[in-house]
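Architecture at a glance
Letter by letter, the chains look like this.
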Amino acid sequence: MEISVRLTETPKRKPADESTLGFGKHFTDHMFIMEYESGKGWLNPRIEPYHRLALDPASSVLHYAQEIFEGLKAYRRQDESIVMFRPQDNCKRLNASAERMCMPQVDVEFNVEAMRRLVEIEKDWVPRLDGTSLYLRPTMIANDEALGVHAASNYIYYIICSPSGAYYPTGLAPIKIKVEDRYVRAVRGGTGFAKTGGNYASSIRAGADASAEGFAQVLWLDGQEMKYVQEVGAMNMMFLLDDALVTAPLDGSILPGITRDSILTLAREEGLDVQERRLAVDELMEAAANGRLKEAFGTGTAAVVSPVGQLSYRGEMLTVGDGGIGALTQRFYDELTGIQRGRLPDAHGWITPVCRG
Ligand code: PLP
Ligand code: COI
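Rules used throughout
Residues numbered from 1 in each chain as written. Chains lettered and ligands numbered in written order. Predicted model: local features only at pLDDT ≥ 70, side-chain atom pairs only at ≥ 80, totals over all residues. Heavy atoms only, no water. Phe/Tyr/Trp six-rings, centres within 6.5 Å; stacked < 30°, edge-to-face > 60°. Helix = DSSP H or I, 4+ residues; strand = E, 2+ residues; numbered from the N terminus. Buried < 20%, exposed > 50% of the residue type's maximum accessible area, 1.4 Å probe, protein only. Near = heavy atom within 4 Å. Polar contact = N/O pair within 3.5 Å; in protein donor to acceptor, adjacent residues only side chain to side chain. Areas by Shrake-Rupley, 256 points an atom, 1.4 Å probe, with all protein chains shown as cover. 1 Å grid on protein atoms, 1.4 Å probe; cavity = no way out; pocket = protein on both sides within 12 Å on 5 of 7 lines; lining within 4 Å. Sits in = over half its atoms within 2 Å of the grid points. Nonpolar A, V, L, I, M, F, W, Y, C, P; charged D, E, K, R; others polar. Axes fitted to C-alpha atoms, helices over the stretch in contact; angles between N-to-C directions. Parallel < 35°, antiparallel > 145°, perpendicular 65-115°, else oblique. Left-handed = near helix turned anticlockwise from the far one by under 90°. Contact = heavy atoms within 4.5 Å. Salt bridge = Lys/Arg side-chain N within 4 Å of Asp/Glu carboxyl O. Points joined across faces, edges and corners; volume = space filled by probe spheres on them. Patch = residues over 30% accessible without salt bridge, like charges linked within 9 Å, V, L, I, M, F, W, Y side chains within 5 Å.

So, on to the packing of aromatic side chains. Tallied over the full model, the rule gives 12 aromatic pairs. When the ring of F23 is compared with that of Y135, the centres are 4.8 Å apart and the planes differ by 70°; the resulting orientation is edge-to-face. You can see F23 sitting in the loop between strand 1 (4-5) and strand 2 (30-37) and its partner Y135 sitting in strand 7 (residues 133-142), a full 112 residues away along the chain. Assessed through its relative accessible area of 22%, F23 is described here as partly exposed. Centroid distance F85 to W350: 5.8 Å. Interplanar angle 75°. Geometry classified as edge-to-face. Taken together, the residues span a long stretch of sequence, with F85 in strand 6 (residues 82-85) and W350 in the loop between helix 8 (327-341) and strand 18 (351-355) at a distance of 265 residues. In this structure an aromatic cluster arises from ring pairing among F32, Y36, W42, F110, Y155 and Y157.

On to the site of ligand 1. Near ligand 1, the surroundings consist of 17 residues, among which R93, Y200, E231, T259 and T301 are the closest. Contact distances for ligand 1 include 2.5 Å between an oxygen atom and a side-chain N or O atom of Y200. A distance of 2.5 Å separates an oxygen atom of ligand 1 from a polar atom in the side chain of T259. Across the complex, the protein chains shield 96% of the 380 Å² of accessible surface that ligand 1 would expose by itself. The cavity where ligand 1 resides is the largest pocket. Every element with two or more residues in the shell around ligand 1 is listed here: strand 11 (229-232), strand 12 (235-241), helix 6 (258-269) and strand 15 (293-300). Among the residues making up the shell around ligand 1, the classes are represented as 6 nonpolar, 7 polar and 4 charged.

The next thing to look at is the packing of helix 2 (residues 87-100) against helix 3 (residues 108-121). Packed helix pairs are characterised by how far apart their axes lie and by the angle those axes make with each other. One can describe the packing of helix 2 onto helix 3 by two numbers: an axis separation of 9 Å at closest approach and a directional angle of 125°. Judged by the angle between their axes, helix 2 and helix 3 are oblique. The hand of the helix 2/helix 3 crossing is right-handed. In contact with P87, Q88, C91, K92, L94 and N95 of helix 2, helix 3 contributes V108, E109, N111, V112 and M115.

Moving on to the pattern of salt bridges. A side chain of one charge can pair with a side chain of the opposite charge if their charged atoms are brought near each other. Scanning the entire structure with this criterion turns up 21 salt bridges. Between R205 and D209 there is a salt bridge, and its shortest N-O distance comes to 2.9 Å. With a gap of 4 residues between them, R205 and D209 both fall in helix 5 (residues 204-212), about one helical turn apart. For D209, a relative accessible area of 22% corresponds to the partly exposed category. Across the pair K294 and D243 runs a salt bridge, and its minimum N-O distance is 3.3 Å.

All right, on to empty space enclosed by the protein then. In this approach, a probe sized like a water molecule rolls over the atoms, and the result shows the empty space that is left. Taken as a whole and assessed by the stated rule, the structure comprises 1 cavity of 30 Å³ or more. Along the wall of the largest cavity there are 13 residues; nearest its centre are Y75, F85, T259, T301 and Q340. Elements with a contribution of two residues or more to the lining of the largest cavity: strand 5 (72-76), helix 6 and helix 8. Tallying contributions element by element places strand 5 first for the lining of the largest cavity, with 3 residues. In terms of residue class, the lining of the largest cavity is made up of 6 nonpolar, 6 polar and 1 charged.

A surface patch of nonpolar side chains, amounting to about 320 Å² of accessible area, comprises Y64, L147 and V149. Residue placement: V149 occurs in the loop between strand 7 and strand 8 (154-164). Accessibility expressed as a relative area gives 67% for V149, which makes it exposed.

Geometry only, nothing functional implied.
Structure follows, in structure tokens:
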């Protein structure tokens with residue numbers, strides 16, 4: 001499929017100060033978009049000026065949330081060249097989410113090329129400052145103009161870009177997390193592994209309550225017994241318990257994070273004892289209380305590698321390690337961002353070049 005391009009005649013002013021970008025607040029001049037009609041497939045792929053979507057008030061996505069999205073980043077390197085990190089994996093995960101949500105597949109190579117072309121056009125929007133990048137948000141929505149509850153016949157797929165800095169306003173400073181003991185995020189047979197808006201919508205109540213109590217995020221427990229630690233709102237979680245790096249297994253209820261996979265790969269190569277296993281919250285809190293929980297950090301595209309300094313469960317607040325950024329957390333942050341920014345070699349084929357910049 002040929003991607004047609006129409007450039008804007010009224011480019012926006014770019015944010016002047018890269019140190020105050022925040023996350024997902026600014027959007028670039030162009031977007032990729034195409035439509036799907038059942039029986040015809042994907043139609044009219046194009047890059048055009050960023051614009052609002054006109055949806056019928058009956059559009060299916062607005063009522064039944066048949067929606068999926070992705071998140072990945074493009075980075076500017078020291079030599080000005082621009083690269084993306086593991087875009088094929090995001091495209092594959094988009095298709096896994098699409099399958100779960102009964103939505104159409106998008107060819108992986110075509111999708112990566114659409115991203116590459118869009119980022120190339122938006123290359124002047126890719127920031128330079130350490131810790132910044134161009135965040136890409138591929139999104140698919142169902143768009144039938146009818147109220148029956150079933151898979152739609154019409155879809156829109158689009159990609160927007162946002163020059164972004166740190167996800168948490170506190171930057172790399174350790175965050176405070178509350179183990180959620182009232183609400184759950186995912187249940188067996190549900191949509192936990194899919195990147196679909198409903199998972200996030202249903203997390204907002206817990207997140208708002210936790211935020212009012214001064215926490216950055218909630219740590220979800222499993223939906224069956226509320227006993228095992230899963231992930232937090234926008235990151236997978238890893239714990240250095242004694243000398244083992246422990247993280248929840250991919251059991252269908254957590255998002256199979258691409259950052260998670262990258263860190264586990266690096267950890268295994270370094271000879272760390274990596275354990276993908278169920279971790280009971282009682283074991284975690286006991287380990288924190290008796291000093292065996294040395295480090296805890298979250299991993300995610302937006303959040304990168306984020307240290308957790310304090311954990312609270314049922315009103316009891318415990319400090320992780322000495323409450324600061326652990327040595328392993330810092331090393332993984334440096335290694336991952338080093339590979340992304342070209343300071344370290346890409347030994348795993350994770351980097352997709354976009355343009356020379
Ligand atoms: N878990 C959830 C719920 C997320 O939203 C994200 C962010 O994408 C992650 C984990 C981390 O996934 P990734 O590393 O692929 O960004
Ligand atoms: C990402 O890290 O790309 C995400 O999608 C997290 C987002 C929910 C803010």
